[in-house]
Amino acid sequence: MRRYKGLTIFSVIVFSFLIIPLVIIVVTAFGTEKTIAFPIKGFTFSWFQVALSSKSFKNAFFLSFKVAMIATLMALLIGIPAAYALSRYSLKGKKLLKSFFLSPTIVPGIVVGYSLFLFIVIKLKMPVFEGLLLGHFLVVLPYVIRVVGGALEQFDFSIEEVAWSLGCNKWLAFFKIVLPNISSGIISSFLLAFINSFNNIPVSMFLTGPGIVTLPNTLMSYVEYNYDPTVSAISVMLMLATIIIMFIVEKTLGISALAK
Amino acid sequence: MSYVDLNEITVSYDGKHNILEGLNLKIEKGELVSLLGPSGCGKTTTLRVVAGYIQPRSGDLMVNDQNYTKIPVHKRNFGIVFQSYALFPHLTVGENVAFGLKMKKEDKKVIEKKVDNMLETCGLSEYKNRYPKQLSGGQRQRVALARALVIEPNLLLLDEPLSNLDAKLRIQMRVEIKRLQKKLGITTIFVTHDQEECFSISDRVAVMNNGIIEQYDTPENIYAKPKTEFVARFIGFENFIDVERKEDHLFGSQGVSFRVDDVPEYDVKKMTIRPDDIEIVKTPVPENGISGQVAVRTFLGKSYQYEVQSDFGSLIVNGSDSDVYETGDQIHMVLPSHKIVLV
Ligand SMILES: Nc1ncnc2c1ncn2[C@@H]1O[C@H](COP(=O)(O)OP(=O)(O)O)[C@@H](O)[C@H]1O
Ligand SMILES: [Mg+2]
């Protein structure tokens, strides 16, 4: 028991380190002072009003949402068949491909951002929005391939083969039999990819342009010149949104589905 | 022409060496034929060629006078049961069984009726709304079978369907499979590595080794008259002794002649006999007699098995329960002429 006691104390300390900053942000969002202060002297919702009425924040939010959504959907569209092909067929250089898809999760974001900048902006000279979208797509694609690939690893392909024998062609069998059985993997990869895109700073930093700035980058530059609790208020709203999404996922699938 | 005809089928996975080497197999309508052989001999590969999952390098598959070699799996209408059952995890038992009929776009009412009938036949009616993971192994097995049978397949393919079940259920299920197969008259290929299972269920057995069929015969003939050493060993023959032909029914080894009743047409190199068929006798016998010394004794349950050192090498003999011998004892044996098999 003694050993466990030490472990418990350790866990509590680590957990506190993680949770205390969040608590402070939540509290400061309701402070009446013009600059962020903790503890707060009075209570107000006005920073939320400021945040919600700010045109640049609103635009940045919708841009980030749009980019994250489209990039993620594109990544699913390409990534699911790619993951399927990787686990279904014995391809030459399969190992190499797999580690290639792992690489963006290891290479520092700033390096990925810079290389995408050279490729998308300098080489391809793409318009800003399309370039941003392509960058995010490339960043989140490996997550989809890896998570969906993991789900497919658990899938017994003889199930699919039986479906063929029952008169189902390969396309139909993929949609009717394979997809429903890897749905939890697809949902996890969707969330992972969406959150990664929505949070991404280093890649967006290189790919944004006039009037097209994502929410995290907008917050960054806002914080550089302002020290009021608006950013806290936005953070609280984002946290709330995340909690609601997680709650819905938990209620419909169970959080264990994500851990799978 | 036979209902099913595999003609010179050659298969290679890597494009270099062949797993099946010019395999031939003919099956009559309504027959249940087993592919029997050790693990890795190519049974599953053969079945997958018939199912259409593997394209042979060369050779043809004819079914009902139609060339199926290039017809895709989903147009063959063959029922398949895998060892893992491969039930659709996200569908109920009823939906699993209905799947093939829905794919054929049959009328809803007809589907309902056929599914209910099939579930009834397989003793599954009460499990219709359960999911596969809520079933026992035997029940899953039945669902897999029902799902394959309900489409009224031209051919039923079973790949070691019973090997995940416990011994008692296995025997029960093989009787069940045989009953359904005969009742519905479906031509069936049954893959197994278990000879007892195979003998009990099959009309004919194809014993496979290294991608070829060594012998294709009735279970009775395979059991009593194996044609090659491989087949003989696989079905329990021991005591292989090199022989030369002396006269019509006399075969010599080490200067001794043995009488053999059943002499095949082809050249033979060895004679063999099951450990059960060698008789231990009290006094030396002039014809087909061998003497030797007990080297190892093993308890088998109903009696002892002896490893006997003789002039013909070491022989494996199953003793009767009346007389028991000790290690080192000198014993006399007879190889009955009607039990010796030449290969
Ligand atoms: N997908 C595959 N790729 C390469 N070799 C295979 C594949 N499947 C089977 N083999 C090889 O083919 C041989 C026959 O296998 P299989 O038909 O599964 O035998 P069995 O069913 O009789 O145990 C084995 O040597 C096996 O290693
Ligand atoms: Mg096999």
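Refer to the structure presented above.
Caption draft 1: Inspection of the overall build of chain B at higher detail. Regarding its fold elements, chain B presents 8 helices and 21 strands. Counting only contacts in chain B whose residues sit at least 6 apart along the sequence, the fraction spanning at least 24 positions is 66%. As displayed, chain B has an accessible area near 16200 Å², and 47% of this comes from carbon and sulfur atoms. Measuring between centres, the 43 positive side-chain charges of chain B sit 11 Å from its 47 negative side-chain charges.

Caption draft 2: Summary view of the nonpolar core. Residues and elements named next belong to chain B. Judged by nonpolar contacts, the single largest core of 114 residues is most densely connected at Phe88, Phe99 and Leu157. The contact partners of leucine 157, leaving out residues within four places of it in the chain, are Leu47, Val50, Ala51, Phe78, Gly79, Ile80, Val81 and Ile189. If you look at the next biggest cluster of nonpolar residues, it comprises 22 residues, including Phe251, Ile290, Tyr306 and Val308.

Caption draft 3: Local environment of the side chain of glutamate 176 of chain B. Residue and element names in this part refer to chain B. Its location among the elements puts glutamate 176 in helix α5 (residues 167-184). By relative accessible area, which is 17% here, glutamate 176 ends up buried. The contacts of glutamate 176, once residues within four sequence positions are left out, are Thr121 and Arg142.

Caption draft 4: Inspection of unusual backbone geometry at higher detail. The omega torsion of the bond from phenylalanine 38 of chain A to proline 39 of chain A falls at 0°, within 30 degrees of zero and hence cis. On the secondary structure map, proline 39 of chain A appears in the loop between α1 (2-28) and α2 (46-53). Unlike most non-glycine residues, aspartate 65 of chain B shows phi in positive territory, near 65°. For aspartate 65 of chain B, a relative accessible area of 54% translates into the label exposed. With phi around 55°, glutamine 254 of chain B is a residue other than glycine that occupies positive phi space.

Criteria and cut-off values
Counting from 1, residues in each chain are numbered in the order their sequence is written. Chain A is the first chain written and ligand 1 is the first ligand written, with later ones labelled in order. Restriction of local features to residues with pLDDT of at least 70 applies here, the model being predicted, together with a cutoff of 80 or more for giving and counting side-chain atom pairs; totals for whole chains, interfaces and linings are based on all residues. Note that water and hydrogens are dropped before the side-chain values are worked out from all heavy atoms of the structure. The helix and strand labels rest on DSSP assignments: H or I over at least four residues marks a helix, E over at least two residues marks a strand, and numbering proceeds from the N terminus. The contact criterion used throughout is that any non-hydrogen atoms of two residues lie within 4.5 Å. Only the protein chains shown count as covering a residue, and every accessible area follows the Shrake-Rupley method with a 1.4 Å probe. Residues scored as positive are Lys and Arg, those scored as negative are Asp and Glu, and His as well as the terminal groups of each chain are ignored. Charge coordinates come from a single atom per side chain, which is NZ of Lys, CZ of Arg, CG of Asp or CD of Glu. To qualify as a nonpolar core, a set must consist of buried Ala, Val, Leu, Ile, Met, Phe, Trp, Tyr and Cys residues joined through side-chain atoms within 4.5 Å. Using a 1.4 Å probe on the protein chains alone, a residue whose accessible area is under 20% of its type maximum counts as buried, one over 50% counts as exposed, and one in between counts as partly exposed.

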